[in-house]
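# Residue-level structural notes
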Amino acid sequence: MEQFEGLTPAQTVERVSKLLNCPPTSAQVAEYLDKQDPLRPFRGEFFLPKVSELPTSDPSVTDGSLDCIYLVGNSLGLQPKLAPRYLQEELDKWAKTGVHGHTDGSRPWAWAENNLEQMMADVVGAKREEVALMNGLTVNLHLLLLSFYKPTASRHKILLESKAFPSDHYAVESQIRLRGFNPEESMRLVSPRPGEETLRTEDILDVIEKEGQSIAVVMFSGVQYYTGQLFDMAAITEAGHKKGCYVGFDCAHAAGNAVLKLHDWDVDFACWCSYKYLNSGAGGLAGAFIHEKHKDAIRPALMGWWGHDLKTRFNMNNVMELQPGVSGFRLSNQPILLVCPLQASLEVFHKAGMSSLRRKSLLLTGYLEYLILHYYSQDPSQPHRPYVHIITPSDPRQRGCQLSLCFSVPIRRVFQELEKRGVACDMREPSVLRVAPVPLYNSFSDVHRFIETLGGALKASCS
Ligand SMILES: *Cc1c(COP(=O)(O)O)cnc(C)c1O
């Protein structure tokens, strides 16, 4: 792909179209980009459902033997092919050796997740000691807030997006109540300007500047789940710190999607799940980050034996030797059956590398945007033609791989027609279709097929 270095996705597509002497919208362009893609082999490391295997597909409108068009890795990543093998190994070990599995084999259950921490740290731009793999995302958010949110009469607010993911909203709301404060006063929600879909960084920084003295914790998502907006985490963190706030991020939609530098950005804490871009399977083992500078000062509010130093953990003398930093926040022994699929996925990330993934992602999502703008922009001379409005920022630095699409026609029908045709994407109420070409396993041809299929789906849903 070096030949396209420095070009925008649109320029790349036009360059290829000239080279091949075909229109920029031709499927040949996608095929060419796929051939040039150094990450292409990674698609083979995942199980990709066939169209006929999706329960929503309709054999009368599409060929069931094709690969489905899977653009929903933002919701649930595909299964890595090594996952069932690793799981079977542990099931066999359990069957054959029982309790000895805790300490035996290549993946001793008593510390198996420790072997994944470095790979996970690389994905989020952290040091190994700054990362723990445990629990689910919302649980981790609670555990972190219990230590970072220490409201006082003058500094009691948590700053978050008005349209935060419901679980984050509830977590923050209940944490505020738990401390005896009133969410009406202590939950400071920031909304986009009237008529706008996404938040402006300047507006976020402005609230922090003006109200920072009363804000205990700034808590944003890394990538907004609904709009796909990637926040300027470095700038938000810096602004929060200037005012003496702790700054944390929910990286559910950012981990494995955007290049993160949690350590370098000086983020205080973060949490994320692993079943979206990180492909660990529904309910997979989640991650948590605490910056090493808090290693000794920030302690867990709740403790369990898994926070005890491994060397003496099993001495059972009831004298806590707390592991420093986020490791000390671990409570229970880890679910080995969740460690296996996460290992399978992180090994693929380790081979591919986040910076290569991001490089492809910029072109892949740029290509999707290019084709949407080409075919489905609003055209005043054709007032009855359905059109698509992309609410995700057009600036690639402000988004990951997902584009959130709004339609001029009712979305439910469009979504159903897409599903019938073997597209897996996701609809969010009230009006957004989220489409996420994932650089690890999606191809340029997937994007091209999606655009063609969308044409058919729109036609069918307007008839
Ligand atoms: C997916 C997601 C969650 C889900 O939380 P779980 O605890 O894993 O069920 C929470 N917050 C955000 C921002 C998400 O994107």
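Parameters and conventions
- Every chain begins its residue count from 1, and numbering advances along the sequence as written.
- Per-residue local features of the predicted model are confined to residues with pLDDT of at least 70, and side-chain atom pairs are confined, for both listing and counting, to 80 or more; whole-chain, interface and lining totals are unaffected and use all residues.
- Heavy atoms from the whole structure form the basis of all side-chain values; hydrogens and water molecules are not counted.
- UniProt positions are given in the numbering used here, feature names are shortened, and annotations may be inferred rather than shown by experiment.
- The helix and strand labels rest on DSSP assignments: H or I over at least four residues marks a helix, E over at least two residues marks a strand, and numbering proceeds from the N terminus.
- Buried residues are those whose accessible area, probed at 1.4 Å on protein chains only, stays under 20% of the maximum for their type, while exposed residues exceed 50% and partly exposed ones sit between those limits.
- Only residues whose relative accessible area exceeds 30% and that form no salt bridge enter a patch; like-charged residues are grouped when within 9 Å of one another, and nonpolar side chains (Val, Leu, Ile, Met, Phe, Trp, Tyr) when within 5 Å.
- Areas reported as accessible are Shrake-Rupley estimates using a 1.4 Å probe. Residue values count occlusion only from the protein chains shown.
- Here, a salt bridge means any side-chain nitrogen of Lys or Arg that lies within 4 Å of a carboxyl oxygen of Asp or Glu.
- Only strands joined by at least two bridges in the DSSP assignment are considered to pair.
- Nonpolar core, defined: a set of buried Ala, Val, Leu, Ile, Met, Phe, Trp, Tyr and Cys residues in which side-chain atoms within 4.5 Å join the residues together.

Named according to an unreviewed UniProt entry, the chain is Kynureninase originating from Periophthalmus magnuspinnatus. What the UniProt record of the chain gives under Subcellular location (unreviewed entry) is the line "Cytoplasm". Quoted verbatim from the Function (unreviewed entry) field of UniProt, the annotation for the chain is "Catalyzes the cleavage of L-kynurenine (L-Kyn) and L-3-hydroxykynurenine (L-3OHKyn) into anthranilic acid (AA) and 3-hydroxyanthranilic acid (3-OHAA), respectively. Has a preference for the L-3-hydroxy form. Also has cysteine-conjugate-beta-lyase activity."

Our focus in this paragraph is unusual backbone geometry. With phi around 55°, asparagine 21 is a residue other than glycine that occupies positive phi space. Within the secondary structure, asparagine 21 is located in the loop between helix 1 (9-20) and helix 2 (27-36). You can call asparagine 21 exposed: its relative accessible area is 73%.

Looking now at a nonpolar patch on the surface. A cluster of nonpolar residues, Trp305, Leu310, Phe314 and Met316, forms a patch on the protein surface that exposes about 390 Å² of accessible area. Note that phenylalanine 314 resides in the loop between strand 10 (287-290) and helix 10 (336-352). Residue classification places phenylalanine 314 among the partly exposed residues on the basis of a relative accessible area of 39%.

What follows deals with the pairing of strand 12 (residues 403-407). For strand 12, a buried count of 5 out of 5 residues is recorded, marking the element as mostly surrounded by other parts of the structure. A two-sided burial pattern is seen for strand 12, the buried positions comprising Leu403, Leu405 and Phe407 on one face and Ser404 and Cys406 on the other. For strand 11 (residues 388-390) and strand 12, the ladder comprises 3 bridges, and the chain directions are antiparallel. Across the sheet, valine 388 pairs through a bridge with phenylalanine 407, a residue of strand 12. Pairing between strand 12 and strand 15 (residues 432-435): 4 bridges, direction antiparallel. Looking across to strand 15, one finds that serine 404 is bridged to arginine 434.

Membership of the largest hydrophobic core comes to 71 residues, with the highest contact counts inside it found for Val124, Val218, Phe220, Trp272 and Leu440. Per-element tally for this core: the top contributor is helix 10, with 9 residues. With 40 residues, the next largest nonpolar core counts Val13, Leu71, Leu364 and Ile411 among its residues.

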